[in-house]
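Fold and geometry: a report
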Amino acid sequence: MAAKQKAPSYHYDAIVIGTGPGGEGVAMQLAKAGKKVAVVERYDAVGGGCTHWGTIPSKALRHSVSRLIEYNSSPLFADNHLSRSLTFSEIMRHASGVVNSQTRLRSSFYDRNRVTLFHGEASFIDAHTLQTVREDGSKDIVTAGQIALATGSRPYTPKDIDFNHPRIYNSDTILSLKHDPKSIIIYGAGVIGSEYASIFRGLGVKVDLVNMRDRLLSFLDTEISDALSYHLWNNGVLIRHNETYSSVETTDDSVILNLESGKRMRADCLLFANGRTGNTDKLKLENIGLQADSRGQLKVNENYQTDVENVYAVGDVIGYPSLASAAYNQGRFAAEAMLAGKTHASLVADIPSGIYTIPEISSVGKTEQELTAAKVPYEVGRAQFKHLARAQIASTQTGSLKILFHRETKEILGIHCFGERASEIVHIGQAIMQQKGEGNTIDYFVNTTFNYPTMAEAYRVAAINGLNRIF
Ligand SMILES: Cc1cc2nc3c(=O)[nH]c(=O)nc-3n(C[C@H](O)[C@H](O)[C@H](O)COP(=O)(O)OP(=O)(O)OC[C@H]3O[C@@H](n4cnc5c(N)ncnc54)[C@H](O)[C@@H]3O)c2cc1C
């Protein structure tokens, strides 16, 4: 009988599990510092959920739909009486192209920085040893002084729903939607559910959005969340608040969602977008005495170190804020701690939120509700996009910018933007908010000279509007 073949073994200074933004941040920083680094990725390409199933494809889909809406509503093309339409497969082609470009770019980072890539599912043998198993069952043993977990998260999929049914999707599998639904139920009206509601409605699909809470995206400033509700409603999305599903029935080509309130809803397909789970179940954490919480997430200290000294974790697997934007930074901060014993940086206190609904939303800092509850004497400055020359030129008149500032010190406390390019526009205010001393007051926007015509002019208009309220 042939002797059982031993898995080949390799040693590195550090191993990173996962090639999303968190893992990439750790690996690149360590490699640039001269460390011998390996990454393990179970998918066949680098980039993580961010590139393949999350941020990038959803933003590319949204971009196509937004351009379609812009074309169909532009007075420039109104004369030919032809409205254009696109199918999900058509906009998916553009998204796949972007995913491929991003994957090529991100793989070149690993090549250029001589980071070794192992393809396979990684799990712990002990705190310094990992086993990686490829799809064909072949294995490698990889050891390292330090290990960083950047395994991300996946959609929560309750057991009583058959996600193998061809008409039931989660936010990963929706990207493989092959038919063109006339109607869709989106269960979960968080950021992902609301973004996909905008995408499908923009394609002309009848959308029912089921929200478990009493308002959309309740962490937002109330005015902004109301504006989103209004625009989704005005575009034909049916939102059902305070609802929870009781069961899901299927036929070959439809799905029926039964709600605890007794309602029954039918559509061509269901997108279940309610919650995410950290990817820790396959890591055999028990072999190093580490335990994830009930949501599959790991606890870390300010240096992104878990309870096991040489094991670090970043990105979605450690929970809040669960954003690609933050995961890149966390990766770099963790690498600094792995190199120097501790990190000197931490995420900014006010992380901006970018929500790519149609219209787009972005906020940073406090909401009016938070300031009111804290009894902060604030004032509001507001600009409506419809009054800006650039918005009129670009026909992007829907939207507004709101600046909240302290009425005595004039310190900027919050920026809330609703409308096209909101997630870019908010950064101007964020940069000023983060200035030290008196540099972070609303006066900046009145005293500076902005390019004209630009959307940035909204800051000047809002600042003047707000300062006029001070007496
Ligand atoms: C639909 C959607 C839209 C989003 N939009 C935005 C947005 O607009 N802006 C934003 O900032 N964020 C957005 N996010 C969130 C963002 O995608 C995540 O916060 C980000 O991807 C987290 O990065 P990460 O590095 O922690 O994990 P990921 O990007 O998920 O990467 C984890 C990687 O680890 C690999 N892996 C897991 N377990 C193992 C294992 N045992 N062995 C080997 N490899 C393993 C996985 O295959 C994956 O490639 C969105 C998410 C979704 C789902």
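What you see is a predicted model, and the numbers here were worked out from it, not measured in a lab. (Residues numbered from 1 in each chain as written. Predicted model: local features only at pLDDT ≥ 70, side-chain atom pairs only at ≥ 80, totals over all residues. Heavy atoms only, no water.)

With that out of the way, let us pick up the overall build of the chain. When its secondary structure is counted, the chain shows 12 helices and 22 strands. Over its C-alpha trace the chain gives a radius of gyration of 24 Å, about what one expects of a compact globule, namely 23 Å for 471 residues. Across its three principal axes, the chain shows a C-alpha extent of roughly 85 × 60 × 45 Å. Counting the 471 residues in the chain, one finds 50% classified as buried. Counting contacts in the chain only where the partners sit at least 6 residues apart, residues at least 24 apart contribute 64% of the total. Taken as a whole, the chain presents about 22,800 Å² of accessible surface, with 49% of it coming from carbon and sulfur. A gap of 2 Å separates the mean positions of the 49 positive and 49 negative side-chain charges of the chain. (Helix = DSSP H or I, 4+ residues; strand = E, 2+ residues; numbered from the N terminus. Rg over C-alpha atoms; globule rule 2.2 N^0.38 Å. Buried < 20%, exposed > 50% of the residue type's maximum accessible area, 1.4 Å probe, protein only. Contact = heavy atoms within 4.5 Å. Areas by Shrake-Rupley, 256 points an atom, 1.4 Å probe, with all protein chains shown as cover. Lys, Arg positive; Asp, Glu negative; His and termini not counted. Charge placed at Lys NZ, Arg CZ, Asp CG, Glu CD.)

Along the chain, serine 400 turns up in strand 21 (residues 399–406). Assessed through its relative accessible area of 17%, serine 400 is described here as buried. Apart from the residues within four sequence positions on either side, serine 400 is in contact with Ala383, Gln384, Phe385, His416, Cys417 and Phe418.

What follows is about helix 3 (residues 55–73). Taking 1.5 Å of rise per residue, 19 residues should cover 27 Å, and helix 3 covers 27 Å from first to last C-alpha, within 8% of that figure. Buried residues of helix 3: Pro57, Ser58, Ala60, Leu61, Arg62, Ser64, Val65, Ser66 and Leu68, and no others. (Expected span 1.5 Å × (residues − 1).)

Here the second largest pocket defines a volume of roughly 460 Å³. As for the second largest pocket, its lining consists of 18 residues, and the residues nearest its centre are Ile69, Ser73, Ile358, Ser395 and Thr398. Sort the elements by how many residues they give to the lining of the second largest pocket and helix 3 lands first, with five residues. For the lining of the second largest pocket, a count of residues per class yields five nonpolar, 10 polar and three charged. (1 Å grid on protein atoms, 1.4 Å probe; cavity = no way out; pocket = protein on both sides within 12 Å on 5 of 7 lines; lining within 4 Å. Points joined across faces, edges and corners; volume = space filled by probe spheres on them. Nonpolar A, V, L, I, M, F, W, Y, C, P; charged D, E, K, R; others polar.)

So, about the domain arrangement of the chain. Segmenting the chain into domains produces domain 1 (9–155 + 277–340), domain 2 (168–274) and domain 3 (359–467). When each unit is reduced to the centre of its C-alpha atoms, the spacing between domain 1 and domain 3 is 33 Å. With four residues of domain 1 in contact, the opposing surface of domain 3 contributes four residues. With both chains or domains summed, domain 1 and domain 3 bury close to 320 Å², and 26% of this area falls on carbon and sulfur atoms. Where domain 1 touches domain 3, the interface holds three salt bridges. Applying the counting rule to domain 1 against domain 3 returns one residue pair in polar contact (both at pLDDT 80 or more). (Domains from an automatic or database assignment. Buried area = accessible area lost by both parts, 1.4 Å probe. Salt bridge = Lys/Arg side-chain N within 4 Å of Asp/Glu carboxyl O. Polar contact = N/O pair within 3.5 Å; in protein donor to acceptor, adjacent residues only side chain to side chain.)

What follows covers the pattern of salt bridges. This model, assessed by the stated rule, comprises 21 salt bridges. A salt bridge links glutamate 70 to arginine 67, with the nearest nitrogen and oxygen atoms 2.6 Å apart. Taken as a pair, glutamate 70 and arginine 67 lie in helix 3 at a separation of three residues, close to a single helical turn. On the basis of relative accessibility, which here comes to 32%, the residue glutamate 70 falls in the partly exposed class. What makes arginine 67 partly exposed here is its relative accessible area of 24%. A salt bridge links arginine 382 to glutamate 223; the shortest N-O distance between them is 3.1 Å. A residue pair is termed long-range when its members are at least 10 positions apart, and arginine 382 in strand 20 (residues 378–384) and glutamate 223 in helix 6 (residues 222–234) qualify at 159 residues. If you follow the salt bridges from partner to partner, you end up with Arg62, Arg67, Glu70, Glu360, Glu420 and Arg421 in one network.

On to the environment of alanine 38. Mapped onto the fold, alanine 38 is located in strand 2 (residues 37–41). Residue alanine 38 is classed as buried on the basis of its relative accessible area of 0%. Dropping the residues within four chain positions of it, alanine 38 is found in contact with Tyr12, Ala14, Ile15, Val16, Val115, Thr116 and Phe118.

The ligand sits among 33 residues. The nearest are Gly22, Glu41, Thr55, Lys59 and Asp316. Contact distances for the ligand include 2.9 Å between an oxygen atom and a backbone N or O atom of glycine 22. When the ligand is considered free in solution it has 1,000 Å² of accessible area, and contact with the protein chains removes 94% of it. Taken together, the elements giving at least two residues each to the shell around the ligand come down to helix 1 (21–32), strand 2, helix 2 (48–52), helix 3, strand 4 (121–126) and helix 7 (324–340). (Near = heavy atom within 4 Å.)

Taken together, five strands build an open sheet; the order of strands is 8-15-9-10-11 and the sheet is parallel. Single-partner strands in this sheet number two, and they are strand 8 (168–169) and strand 11 (238–240). Both strand 8 and strand 15 (residues 269–272) contribute to a ladder of two bridges, which runs parallel. Following the sheet pairing, isoleucine 168 is matched in strand 15 by leucine 270. Running over the sheet, helix 5 (residues 191–202) touches strand 9 (183–187), strand 10 (206–210) and strand 15 and is turned about 170° from strand 10. (Pairing = 2+ DSSP bridges. Axes fitted to C-alpha atoms, helices over the stretch in contact; angles between N-to-C directions.)

Right, let's get into helix 12 (residues 457–467). Along an α-helix, residues three or four apart share an orientation, since each turn contains 3.6 residues. Taken together, the buried positions of helix 12 are occupied by Glu457, Ala458, Tyr459, Ala462, Ala463 and Gly466. Contacts made by the buried residues of helix 12 are with strand 20, helix 9 (389–394), strand 21, strand 22 (412–419), helix 10 (422–433) and helix 11 (443–447).

The next subject is unusual backbone geometry. Of the consecutive residues tyrosine 320 and proline 321, the connecting peptide bond is found in the cis state with omega at 0°. The residue proline 321 is located in the loop between strand 17 (311–313) and helix 7 in this model. In this structure, the amide linkage connecting tyrosine 452 to the following residue, proline 453, adopts the cis form with an omega of -5°. Looking at where proline 453 falls in the secondary structure, it is placed in the loop between helix 11 and helix 12. In this structure, leucine 217 takes a positive phi of about 40° despite not being glycine. Summarising the element assignment, leucine 217 is placed in the loop between strand 10 and helix 6. The buried category is assigned to leucine 217, whose relative accessible area is 5%.

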